[in-house]
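Given next are the chains, with one letter for each unit.
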Amino acid sequence: MFLNYTKEFFVKKSLNINLNKEKSEVFTKNIQSIGLLIDESNFEHSEELIKELTLHGIALENIKVLAYREKFKEKETYSRPTFGKKHINWRGKITEDFLNEFINSEFDLLLSYYDVENIFLKLITSESKAKFKVGFSAADQSLNRWMINTELVNYKLFVSELFRYLKNIK
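Conventions and cut-offs
- Residues numbered from 1 in each chain as written.
- Predicted model: local features only at pLDDT ≥ 70, side-chain atom pairs only at ≥ 80, totals over all residues.
- Heavy atoms only, no water.
- Helix = DSSP H or I, 4+ residues; strand = E, 2+ residues; numbered from the N terminus.
- Buried < 20%, exposed > 50% of the residue type's maximum accessible area, 1.4 Å probe, protein only.
- Areas by Shrake-Rupley, 256 points an atom, 1.4 Å probe, with all protein chains shown as cover.
- Salt bridge = Lys/Arg side-chain N within 4 Å of Asp/Glu carboxyl O.
- Polar contact = N/O pair within 3.5 Å; in protein donor to acceptor, adjacent residues only side chain to side chain.
- Phe/Tyr/Trp six-rings, centres within 6.5 Å; stacked < 30°, edge-to-face > 60°.
- Lys NZ or Arg CZ within 6 Å of the ring centre and 35° of its normal.

Colleague: Can you lay out the overall build of the chain for me, pointing to particular residues and giving the numbers?
Modeller: Within the chain one finds five helices and six strands. The proportion of buried residues among the 170 residues of the chain is 46%. Carbon together with sulfur atoms contributes 49% to the accessible area of the chain, which is approximately 9,600 Å² in total.

Here is the structure:
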């Protein structure tokens with residue numbers, strides 16, 4: 001318990017340093033690639049969310065999904081790349097190749113699909129090289145350029161609002 005608290009303290013410190021760095025996000029009108037960061041500890045409709053994105057014209061092969069689990073089980077097989085607390089070290093550095101690959105991908109759009117204050121999800125969002133970031137208004141507002149005010153379970157509304165805004169900008 002104490003060790004988890006200490007680890008979260010140091011990861012939060014690393015996150016704050018990263019947030020203070022100036023980032024230049026550029027919105028591109030033609031969204032081709034999407035990074036989807038999902039908290040599967042609190043959301044069970046990942047497949048439906050992905051399907052909803054494809055219904056709005058995003059090709060399935062252009063959606064890269066990364067899932068987070070509060071209780072990550074080593075021996076369990078997950079259907080998509082999944083990480084937990086143990087994949088980020090005490091200094092807030094990512095220790096897994098698949099996480100670094102996700103972070104370094106220059107997605108046109110990163111969807112931070114979580115509405116809880118989770119330091120590990122926030123770190124992945126802040127480190128991401130995505131050109132534009134969208135998330136929930138309930139999460140930390142300094143991480144995302146756009147915040148959509150819906151509930152986590154209402155993924156259809158989230159996606160429709162997202163594409164409605166994107167269409168208006170074009």
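Next, the rest of the story.
Colleague: Let's hear about the pattern of salt bridges: which residues, and what values?
Modeller: What the rule picks out here adds up to eight salt bridges. Put simply, Arg80 and Glu40 hold a salt bridge, and the shortest N to O gap is 2.8 Å. One end of the pair, Arg80, is in the loop between β2 (63-68) and β3 (82-83); the other, Glu40, is in the loop between β1 (34-39) and α2 (46-55), and 40 residues separate them in sequence. The buried category is assigned to Arg80, whose relative accessible area is 12%. By relative accessible area, which is 10% here, Glu40 ends up buried. In this structure, Lys85 engages Glu70 in a salt bridge whose closest nitrogen and oxygen atoms are separated by 3.2 Å. Here Lys85 is found in the loop between β3 and α3 (97-104), whereas its partner Glu70 is found in the loop between β2 and β3, with 15 residues between them in sequence. A residue is classified by how much of its surface remains accessible, and Glu70, at 39% relative accessible area, is partly exposed. Members of the salt-bridge network, linked through shared partners, are Glu40, Glu47, Arg69 and Arg80.

Colleague: Could you give an account of helix α4 (residues 119-127), naming the residues involved and the relevant values?
Modeller: Across the nine residues that make up α4, a large majority, eight, are buried. Along α4, the residues that are buried comprise Ile119, Phe120, Leu121, Lys122, Leu123, Ile124, Thr125 and Ser126. The N-terminus of α4 is capped by Asn118, whose side-chain oxygen sits 2.8 Å from the backbone nitrogen of Phe120.

Colleague: So what about the packing of aromatic side chains? Which residues, and what values?
Modeller: Scanning the entire structure with this criterion turns up nine aromatic pairs. Taken together, a centroid distance of 5.1 Å and an interplanar angle of 85° make the contact between Phe132 and Trp146 edge-to-face. With a gap of 14 residues between them, Phe132 in the loop between α4 and β5 (133-136) and Trp146 in strand β6 (residues 146-148) connect regions that are remote in the sequence. Taken individually, Phe132 and Trp146 each receive the classification buried, so the pair is uniform in this respect. Three or more aromatic residues link up through ring pairs in this structure, and these residues are Phe43, Tyr113, Phe136, Tyr155 and Phe158. Lying over the aromatic face of Tyr165, Arg164 brings its terminal NZ or CZ to 5.0 Å of the ring centre.

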